[in-house]
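Secondary and tertiary structure notes
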Amino acid sequence: MRQPVFRFAPSPNGRLHLGHAYSALLNERLAKESGGRLLLRIEDIDRERCTAENVARAMEDLRWLEIAFEEPVLHQSSRMPDYRDAVVQLMELGLLYVCTCSRKTLADHAALHPEAARDPEGQPLYTGTCRRIAHPFSKESILRLDLQRALQVVGARTGSLAWSEKGGTRPADPSRWGDVIIARKGIGTSYHLAVVVDDAWQDVTDVVRGEDLLEATAIHRLLQVLLGLPEPRYHHHALIRHGSGRKLAKSKGDESLADLRAGGMTATEIRATLGFA
Ligand code: GLU
């Protein structure tokens, strides 16, 4: 068997919290147990939110936890030409279109149609307005995937779509996401596109991440087939939650790793708290 390759891929748009630490430490443990490599990828395509300061702080927190990631660390902000190539590949398949709908237009439409279908994250599915219009394309454009056409291409290539989850098989139903955004306004890529391009480029064999991304895997498998990329194994772990049951979030005032450190907690204690003693 090929040497497994694991990666921890945070988007540092604020301070890291215990949920990040858990995911990083689980990757570390599974890599160690399988004699695998352990990579760190900073998902900083959104430079407004993932500022240089946030990135530097995330690296500092991970160093403090003494997680031995391989060098060099990959920063997605350095990979824009590769994402552009993937966009071109999808365009050449006739699967992307320019969308000029503003957030406000879409929110107004959703308010008028509360019964309309929603994606697995509870967001209204895109109405499809721009699918029928050939808007001029620029580097700033929002690009959406024509999901029905994409499914036809995938159907012709592989038949049904599935992924390997913790050793079992899970069916993938990307249609639940509608015409997802592939390139965000002024960014040139999206999380979904960058993650599949980079998992392939870094030879990642095992994607270990929080279960909040379980449903998104259907889109990732779709993009992998469309772009001719290999299929990693997936392991979505339960999230470390706040006592009330919600996801941890810095915006909700949950303590960051830096707060815990400032309060006198050691890296060893963090590991022990999360079950990685
Ligand atoms: N960057 C993503 C996040 O922090 C995770 C990416 C992934 O593991 O696929 O939510």
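Sequence order as written defines residue numbering, which begins from 1 separately in each chain. With pLDDT at 70 or above as the cut-off, local features in this predicted model cover only qualifying residues; side-chain atom pairs require 80 or more to be listed or tallied, and sums for whole chains, interfaces and linings still use all residues. As a rule here, side-chain values come from all non-hydrogen atoms in the structure, and water together with hydrogens is ignored.

1. Notes on the packing of aromatic side chains
Within 6.5 Å between ring centres, the rings of Phe, Tyr and Trp (the latter by its six-membered ring) count as paired, and their orientation is classed by plane angle as stacked under 30 degrees, edge-to-face over 60, tilted in between. According to the stated counting rule, one finds three aromatic pairs in the structure shown. The residue whose ring lies beneath Arg 144 is Tyr 126, and the NZ or CZ to ring-centre distance is 3.8 Å. The ring of Trp 64 carries the charged tip of Arg 261 above its face, separated from the ring centre by 5.0 Å. The rule for a charge over a ring is simple: NZ of Lys or CZ of Arg within 6 Å of the ring centre, and within 35 degrees of the ring normal.

2. A look at helix 5 (residues 147-158)
Note on conventions: DSSP H or I runs of at least 4 residues are helices, E runs of at least 2 residues are strands, and numbering of each starts at the N terminus. Here a helix's expected span is defined as the number of its residues, less one, multiplied by 1.5 Å. Between its first and last C-alpha, helix 5 extends 16 Å over 12 residues, near the 16 Å set by a 1.5 Å rise per residue. Relative accessible area decides the class of each residue, using a 1.4 Å probe on protein chains only: under 20% of the type maximum gives buried, over 50% gives exposed, and in between gives partly exposed. Along helix 5, the residues that are buried comprise Leu 147, Ala 150, Val 153 and Val 154. On an axial view of helix 5, the arc spanned by its buried residues comes to 120°, and they lie on one face. Residues of helix 5 that are exposed and angled more than 90 degrees away from the buried face: Gln 148, Gln 152 and Ala 156. Tucked inside the fold, the buried residues of helix 5 contact strand 5 (142-145) and helix 7 (217-227). One or two positions beyond helix 5, positive phi appears at Gly 159, with a value near 75°. The directions from the helix axis to the C-beta atoms are what the arc is built from. The criterion used for residue contact is that any of the two residues' heavy atoms lie within 4.5 Å.

3. Some remarks on the site of the ligand
Inspection of the region around the ligand gives Arg 7, Ala 9, Pro 10, Ser 11, Glu 43, Tyr 191, Val 195, Arg 209 and Leu 213 as its neighbouring residues. Nitrogen and oxygen atoms within 3.5 Å of one another constitute a polar contact, given that in protein one can donate a hydrogen and the other can accept it, and given that sequence-neighbouring residues count only through two side-chain atoms. With respect to the ligand, the side chain of Arg 209 contributes an N or O atom lying 2.8 Å from an oxygen atom. Starting from 300 Å² of accessible surface for the ligand in isolation, the protein chains cover 81%. Put simply, Ala, Val, Leu, Ile, Met, Phe, Trp, Tyr, Cys and Pro go in the nonpolar bin, Asp, Glu, Lys and Arg in the charged bin, and everything else, Gly too, in the polar bin. Taken together, the residues of the shell around the ligand break down into five nonpolar, one polar and three charged. Consider each residue's heavy atoms; a residue with any of them within 4 Å of a molecule or strand counts as near. With residues, only the protein chains shown are counted as cover, and all accessible areas are computed by Shrake-Rupley using a 1.4 Å probe.

4. Here we look at the side chain of Asp 61
Here Asp 61 is to be found in helix 2 (residues 52-64). Contacts of Asp 61, omitting those with residues within four sequence positions, involve Arg 15, Leu 16, Leu 257, Ala 258 and Arg 261.

5. A few points about the sheet that holds strand 8 (residues 181-183)
Note on pairing: DSSP must find at least two bridges between two strands before they are called paired. The strand order across the open sheet formed by three strands is 4-5-8, and the pairing between neighbours is antiparallel. In this open sheet, the two strands that pair with only one neighbour each are strand 4 (96-99) and strand 8. Within this sheet the neighbouring strands show an average axis-to-axis angle of 45°, counted without direction. Note: strand 4 against strand 5, four bridges, orientation antiparallel. Each residue of the ladder has a partner; that of Tyr 97, found in strand 5, is Arg 144. A fitted line through C-alpha atoms represents every axis, and for helices the fit uses only the stretch in contact; the resulting angles, taken between N-to-C directions, go from 0 to 180 degrees.

Function-wise, these values are silent; they only describe arrangement.
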